[in-house]
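# Chain and residue survey
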Amino acid sequence: MQRLTRREFLRISALTAGTVAISTGLSGCFSSDSDSDSDNDRAVGFQHGVASGDPLQNRVLLWTRITPDDDDSSDIPVGWEVATDAEFSNLVHSGDTMARAANDYTVKVDVLDLQAGQTYYYRFKSEGDTVSPAGLTRTLPEGAVSQVRLAVLSCSNYPAGYFNVYAAAAQEAELDAVVHLGDYIYEYEQGGYASGDAEALGRTLPADNDTELLTLTDYRKRYALYHTDTDLQALHAAAPFIAVWDDHEVANDAWEDGAENHTPGEEGDFTARKTAALQAYFEWMPVRPASEDDQQTIYRSFQFGNLVSLYMLDTRIIGRDEQLSYANYLTGDPENPINAAQFEEDVTNPNRTLLGAEQLAWLQNQMATSTATWQVLGQQVLMGRMTLPAELLLSIQNPDPEVLLPLFEELATIKARMLANDPTLTPEERARLDAELPYNLDAWDGYYHEREVVLASVRELDKNLVVLAGDTHNAWGNDLKDMAGNAVGVEFATASVTSPGLEDYLGLPEDAVPGAEEALQTLIDDLQYTNINQRGYLLITLTLNEARADWRYVDTIKATSYSLDASRRMSLKTTPATRQIQAVS
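Residues numbered from 1 in each chain as written. Predicted model: local features only at pLDDT ≥ 70, side-chain atom pairs only at ≥ 80, totals over all residues. Heavy atoms only, no water.

## Focus on the pattern of salt bridges
Side chains that differ in charge, positive against negative, can pair when their charged atoms come close. Enumeration according to the criterion identifies 33 salt bridges in this entry. The shortest N-O distance in the salt bridge between Asp54 and Arg300 comes to 2.9 Å. Highlighted residues: Asp54 in the loop between β3 (50-53) and β4 (60-65) and Arg300 in strand β17 (residues 300-304), separated in sequence by 246 residues. Neither residue differs from the other here; Asp54 and Arg300 are each classed as buried. Linking Asp176 and Arg138 is a salt bridge whose minimum nitrogen-to-oxygen distance equals 3.9 Å. Pair noted here: Asp176 is in the loop between α2 (164-169) and β13 (177-180) and Arg138 is in strand β11 (residues 135-138), with a separation of 38 residues, a long-range link. With relative accessibility at 10%, the residue Asp176 sits in the buried group. (Salt bridge = Lys/Arg side-chain N within 4 Å of Asp/Glu carboxyl O. Helix = DSSP H or I, 4+ residues; strand = E, 2+ residues; numbered from the N terminus. Buried < 20%, exposed > 50% of the residue type's maximum accessible area, 1.4 Å probe, protein only.)

## Digging into helix α10 (residues 390-397)
Given 3.6 residues per helical turn, the α-helix brings residues three or four places apart onto the same face. Restricting attention to buried positions, one finds in α10 the residues Ala390, Leu392, Leu393, Ser395 and Ile396. Buried-residue contacts for α10 involve β20 (387-389), α11 (401-419), β21 (436-438), α14 (502-505) and α15 (513-523). (Contact = heavy atoms within 4.5 Å.)

## Quick notes on the pairing of β3
A regular strand places its side chains so that they alternate between the two faces of the sheet. Residues Val50 and Ser52 line one face of β3 and the alternating positions Ala51 and Gly53 line the opposite face, and both faces are buried. With four bridges joining them, β3 and β4 adopt antiparallel strand pairing. By the bridge assignment for β4, Ser52 is matched with Leu62. Once β3 ends, the chain turns through six residues before running back antiparallel as β4, passing Asp54 with a positive phi of about 45°. (Pairing = 2+ DSSP bridges.)

## Description of the packing of α11 against α15
Following both chains from N to C, one finds α11 and α15 inclined at 40°, their axes separated by 9 Å at the closest point. Relative to α15, the element α11 lies oblique. As for the relative orientation of α11 and α15, their crossing is left-handed in sense. For the pair α11 and α15, the contacting residues are Phe408, Leu411, Ala412, Lys415 and Ala416 in the first and Ala519, Leu520, Thr522 and Leu523 in the second. Here the contact of α11 with α15 is composed, by residue class, of seven nonpolar, one polar and one charged. (Axes fitted to C-alpha atoms, helices over the stretch in contact; angles between N-to-C directions. Parallel < 35°, antiparallel > 145°, perpendicular 65-115°, else oblique. Left-handed = near helix turned anticlockwise from the far one by under 90°. Nonpolar A, V, L, I, M, F, W, Y, C, P; charged D, E, K, R; others polar.)

## Considerations on the nonpolar core
What tends to happen in soluble globular proteins is that the nonpolar side chains get buried as a cluster. Formed by 85 residues in total, the largest nonpolar core has its most connected members in Leu153 and Phe492. Sort the elements by how many residues they give to this core and helix α7 (residues 270-284) lands first, with seven residues. Counting residues in each nonpolar core, the second largest holds 50 residues, with Leu313, Tyr447, Ala469 and Val513 among its members. (Core = buried A, V, L, I, M, F, W, Y, C linked by side-chain atoms within 4.5 Å.)

Below you can see the structure in the form of structure tokens.
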């Protein structure tokens, strides 16, 4: 299969670059009378809300989408206003451009010459003096910064439930930005993944977009559906997004040249599908597109003064080799079910890449030149080492709760005895624990060498590392150690917005969840915290002295009325001195 070259990749992301309007100050107010007879104004609306994103110290990207109420494919004039107050009495920017049918009537405005660390209000206007909802955005701070607050989210599957997590995050005060780590949309058809309650909840897919996404039109319509959700609109209007894609923006378990959920003979060329998916992403998301003068594509950095350097990475599309599969290492021998030697050779292959050589070199250079207190990686998949006893892992592949739960308990008990130096522990029991395998080969565990390279770079540079992750639908807190056991940093992973977690995959009854969580924390050496059955988001607060993670959970996604679940809220932190997870007192 032909690989997508870097120039082709840049061209995809730059498809919208030519349509990004540039705002440098006040350029008059939009008036539909200047473009057409007011009696012939088209009926338009702003059904998909407003958004901002990719904030820098002196600029921010604004987004909206014009919704025409007819089949006319001609372009539509649209204006914007930016002010320092909610009443828009003190305008600092205004101007107008065209919402073009060629870009699905999406509009992006790059607002320049702003003040650092300031809050701004913005709105759009179109024909017939139609006015959009107002949004609030904020530029990044510069100089000496005492605190940065980020809301971290991922994995919002529309049919699985209501976006209460987005609504709750929109209520957070003093957010500097929302970090979205991908799976903003899901590509499945009606009746597909996690859609069992969709009809009862009124969350079924529309008739013109209820098949699996394959074409540009398909992906555009799915984004349009998501952007009609009022809770998602509320979060977009509340703070600027810093976003990156994961696999479901294209297809499940995607890699550079294919995906688990793509069959070339039946679903066409994967490169064509990926091209369509990424074009729709750049059109519908408040992401500043790459150009020939901006060689970072979707991976890019954000500087919060002297406190935080945030690097948004692409661990999914641009440089990922195909995932390994345990199915290729099964021996059929009950005594030795896995060809462990071959698996170890393959998983540690130094040529296997997740980031790709170019992105890895960029990251190393960025960290080497950064003087910020905290180096934060915003990326998709778990970096923490998550190995489990092989017999438990094989049981998880085809989970039966009646078998799985006793095995969890049995192995966790053996591990607890080992940690307590129990002299009665037998060689056979030790052997059961020693035969470990990575749980998730789609994560960094499947790309062993490159993880060690990243951790070695951080340790050599003597940086304070915090890794943010999504993808798994569960909350995790991991210490990050290299293979020599050196503490390098920590990882905080967010739960999902709606997608089900391990409790669903393993078929665990609710009363069995705490025991399973405790067993996981016992069996996985570097795992300090997990929540495998609640939906929520992660609030990260960084100061000079600590990086604190506060997990917030909603009590339901199956009703529009919800509350934050305080019973299982958790707070952990790390400090520059320890570089390991500590409980918050």
